[in-house]
Amino acid sequence: EEKNRLELANRVIEAKNEENRKYLDNINEGLLLLDADQVISDQYSRFLEELFGTEAISGKKFSHFIYPVDPPESERRKEVDQFVELIFTSITTDMEMINSINPLANSTLAVSRGEERAEIVVEATFQRVVSDGRVQNVMVIFVDKTQLVQVERALENERLRSETEIEQIAAILRSGPESFMEFAADAEAALRRLEENIELSGGNEAIASLFRDVHSVKGAARYMELR
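A brief report on the enclosed structure follows. In this text the structure is predicted, and so the values were computed from the model without any measurement.

A word on the overall build of the protein
Now for step 1: Each helix and strand in the protein was counted, giving eight helices and five strands.
Now for step 2: Going from the N terminus to the C terminus, the protein shows its helices and strands as α-β-β-α-α-α-α-β-β-β-α-α-α.
Now for step 3: Its C-alpha atoms give the protein a radius of gyration of 30 Å, clearly above 17 Å, the size a compact globule of 227 residues would have.
Now for step 4: Expressed as lengths along the three principal axes of its C-alpha atoms, the size of the protein is roughly 100 × 40 × 35 Å.
Now for step 5: Expressed as a percentage of its 227 residues, the buried residues of the protein come to 28%.
Now for step 6: Expressed as a percentage of contacts within the protein between residues at least 6 apart in sequence, the contacts between residues at least 24 apart total 46%.
Now for step 7: Roughly 15,600 Å² of accessible area belongs to the protein as shown, and the carbon and sulfur atoms make up 52% of that amount.
Now for step 8: Across the protein, the mean location of the 27 positive side-chain charges is 2 Å away from that of the 44 negative side-chain charges.

In structure tokens, the structure reads:
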């Protein structure tokens, strides 16, 4: 009877593990579990392998996995170690308060993409797994924000470029088209002289003449309010 009971219990555990594996293989988030030694268990999502570009995940200390090329006693590794230790030991402290000092709240990390190195931007959240009043594990969930951050940066760059163009147009309108045309002609002539002489070693006077040309273009641009 005991043997049959154990076999049944094992089949139940295997079925649960299979269901967990299906879940972990299909979610679009990087999920892993840490034990009390901050070592990653073999229960992690397949998306984590895609996100970090490696299958060498389980059995690693968490901070070493996050910062694989850092020296053993790097400040970044220490910060992550101390934060995870705080989650395990300060069980009476609310997780929302602990997450407010999360060092991986919005981090840029270096990962491998085949033979190349790449950067990803991730947001990591931490949750306790509590049993019998003790923190048995810490669950870490990674959300990939790389594309979102790239789009935000592109939009910001476009906004700045548009603002600069508007400022330049306004400056030209204030100065008048004739002044702008004169400035453009002088600048073009100065740049042409620069291109023709940049490779020549014509002595100090030639170099000083080129510097004066560039300085004149800068001064005229400042007068025209063109940054």
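With respect to the packing of aromatic side chains
Now for step 1: All chains considered together, the criterion is met by six aromatic pairs.
Now for step 2: Seen from their ring centres, phenylalanine 52 and phenylalanine 65 are 4.6 Å apart, and the 45° between their planes marks the pair as tilted. Residue phenylalanine 52 is found in helix α2 (residues 46-52), and its partner phenylalanine 65 is found in helix α3 (residues 62-66); the two are separated by 13 residues along the sequence.
Now for step 3: The class for phenylalanine 52 is buried, based on a relative accessible area of 5%.
Now for step 4: Considering the side-chain rings of phenylalanine 83 and phenylalanine 126, the 5.0 Å spacing of their centres and the 75° angle between planes classify their relative orientation as edge-to-face. Here the residue phenylalanine 83 occupies a position in helix α4 (residues 75-89), and phenylalanine 126 occupies one in strand β4 (residues 116-131), the gap between them amounting to 43 residues.
Now for step 5: Relative accessible area serves as the criterion here: at 4%, phenylalanine 83 is assigned to the buried category.
Now for step 6: Following the ring pairs from residue to residue traces out a cluster consisting of Phe52, Phe62, Phe65, Phe83, Phe126 and Phe142.

Notes on the pairing of β4
Here is the key point about a regular strand: its side chains alternate between the two faces of the sheet.
Now for step 1: Here strand β3 (residues 107-113) pairs with β4 via seven bridges, running antiparallel. Bridge pairing in β4 places arginine 113 opposite glutamate 116.
Now for step 2: Direction of pairing for β4 relative to strand β5 (residues 134-144): antiparallel, over a ladder of 10 bridges. Paired with valine 122 across the two strands is aspartate 144, which belongs to β5.

Cut-offs applied
- Residues numbered from 1 in each chain as written.
- Predicted model: local features only at pLDDT ≥ 70, side-chain atom pairs only at ≥ 80, totals over all residues.
- Heavy atoms only, no water.
- Helix = DSSP H or I, 4+ residues; strand = E, 2+ residues; numbered from the N terminus.
- Rg over C-alpha atoms; globule rule 2.2 N^0.38 Å.
- Buried < 20%, exposed > 50% of the residue type's maximum accessible area, 1.4 Å probe, protein only.
- Contact = heavy atoms within 4.5 Å.
- Areas by Shrake-Rupley, 256 points an atom, 1.4 Å probe, with all protein chains shown as cover.
- Lys, Arg positive; Asp, Glu negative; His and termini not counted.
- Charge placed at Lys NZ, Arg CZ, Asp CG, Glu CD.
- Phe/Tyr/Trp six-rings, centres within 6.5 Å; stacked < 30°, edge-to-face > 60°.
- Pairing = 2+ DSSP bridges.

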